[in-house]
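In case you want the letters, here they are:
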Amino acid sequence: MTTIRYTRYLHHAISRPAMLLSALLLCMLPVLAGCANTNSPAASGPPAAAPSTSEARAKGGAHKLTIMLDWYPNAVHSFLYAAEAEGYFAEEGLEVEIQMPADTNDALKLVAAGKVDLALSYQPQVLMARGEQIPVKSIAALVRHPLNHLMVAADSGITRPGELSGKQAGYSSVPLYEAMLNTMVKSDGGDPSSLKLVDVGYELIPALSTGRVDGIMGGFINHEQLILEQEGHPVRSFNPVDYGVPDYYELVLVASEQGLQDSQGFYQKFVDAIRKGQQYTAGHPDEALKLLLAHQEDTAPLDEAIEQRSLEILLPLMDAGSQPFGYQDSASWEKVNQWLSENGLLDAEVDVKNAFINF
């Protein structure tokens, strides 16, 4: 059985994780920093002498793995609960514990430090972490396109990003979001230097709905946009891909390099199981949604209508077409890495081929 640990509920208005990780984390990773890099499963070196987190916890026939979500459970995580409920983890000989982060910055930090085996994070974060010499690696692309769109009120008169020039733009102090906003405005012929940036913290939804700002960057089309519309505040959203931002993977599955050395075979089994979970979710969305809703608690309620619409948005954005669920394209990593570098978001040069691995 999967154990779900709810450590602290994060309200729906909380912004996504900050993109730069604390330098303090580097001090926690003296062992991990020396791990070998590889982009090929067959090229992995022998296991280290010390057991991995998952190996140390393995009991009986089932091998235990822990995965930390990026946020509280919502529609994007349906494939995980489907994999558990339909027995796909068990078929692979795995016992999976799903944890919710106490803070949205936790997931990547904890997997890097070996406190959890796997974590959900974001493609740009993985590259920026590696720029800080933090040895994490993406092992699957889960949401293949941006969910984070620039949003303005539908009745604002703003019909394109360039028209935001000279106006107030709310964001949550995330350098990535500022860079995305600047790129979009500039690409559309506007003047990013004229933007009046307002740090609205976690209050993206009320900042836009009350007219405090003219637009927001950091809201997701499968969440904040749906909530705004449900509350009577329709918005116009602009896809960053249409305005100079590379088509990045919004959500990825991350492991540490040490974990891959020690437990790569078990991670392969995990990916095999979630592929079946995603196939089930795509074929049975209503049933998968019920499985998700069954895992909510009183302090973390889900709005069924919102989650149903969210899943409808997500499924095509998670589809890898002729490739298996989770497949990662090297060209995507190259383009995102180049854009991050051009916008000063990388502390050091990143060797892209070592940032991800395909199973």
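Scope of this entry: the structure provided in the associated data block. (Residues numbered from 1 in each chain as written. Predicted model: local features only at pLDDT ≥ 70, side-chain atom pairs only at ≥ 80, totals over all residues. Heavy atoms only, no water.)

**Let's talk about helix 6 (residues 123-131)**
Counting buried positions along helix 6 gives nine out of nine residues, so the element sits mostly inside the fold. In the segment just after helix 6, Gln-133 is the residue with positive phi, at about 65°. (Buried < 20%, exposed > 50% of the residue type's maximum accessible area, 1.4 Å probe, protein only. Helix = DSSP H or I, 4+ residues; strand = E, 2+ residues; numbered from the N terminus.)

**With respect to the packing of helix 10 (residues 257-283) against helix 11 (residues 285-293)**
At a minimum axis distance of 5 Å, the contact between helix 10 and helix 11 shows a crossing angle of 115°. When helix 10 is examined against helix 11, the residues Tyr-280, Thr-281, Ala-282 and Gly-283 are found in contact with a partner set consisting of Pro-285, Glu-287, Ala-288 and Leu-291. Among the residues forming the contact of helix 10 with helix 11, the class breakdown is five nonpolar, two polar and one charged. (Axes fitted to C-alpha atoms, helices over the stretch in contact; angles between N-to-C directions. Contact = heavy atoms within 4.5 Å. Nonpolar A, V, L, I, M, F, W, Y, C, P; charged D, E, K, R; others polar.)

**Remarks on the sheet that holds strand 8 (residues 196-199)**
In space, the five strands of this open sheet follow the order 8-7-9-6-10, with mixed pairing throughout. Since the sheet does not close on itself, it has two edges, and those belong to strand 8 and strand 10 (235-238), each with one partner. Averaged over all neighbouring strand pairs, the angle between strand axes comes to 35°, with direction disregarded. Relative to strand 8, strand 7 (residues 168-171) runs parallel, the two being bridged by four bridges. Within strand 8, the residue paired with Gln-168 across the bridge is Lys-196. Relative to the sheet, helix 7 (residues 175-187) contacts strand 6 (148-153), strand 7, strand 8, strand 9 (215-220) and strand 10, its axis offset from that of strand 9 by approximately 125°. (Pairing = 2+ DSSP bridges.)

**A word on helix 7**
For helix 7, with 13 residues, the first-to-last C-alpha span of 18 Å sits near the 18 Å given by 1.5 Å per residue. Taken as a whole, helix 7 has its buried residues at Leu-176, Tyr-177, Ala-179, Met-180, Leu-181, Thr-183, Met-184 and Val-185. One or two positions beyond helix 7, positive phi appears at Gly-189, with a value near 90°. (Expected span 1.5 Å × (residues − 1).)

**Structural notes on the pattern of salt bridges**
Under the counting rule described, the total for this entry stands at eight salt bridges. With a shortest N-O distance of 3.2 Å, Arg-309 and Glu-229 are connected by a salt bridge. Here Arg-309 is found in helix 12 (residues 304-318), whereas its partner Glu-229 is found in helix 9 (residues 224-230), with 80 residues between them in sequence. Residue class for Arg-309 comes out partly exposed when judged on its relative accessible area of 35%. With relative accessibility at 27%, the residue Glu-229 sits in the partly exposed group. Connected via shared salt-bridge partners are Glu-91, Glu-92 and Lys-276. (Salt bridge = Lys/Arg side-chain N within 4 Å of Asp/Glu carboxyl O.)

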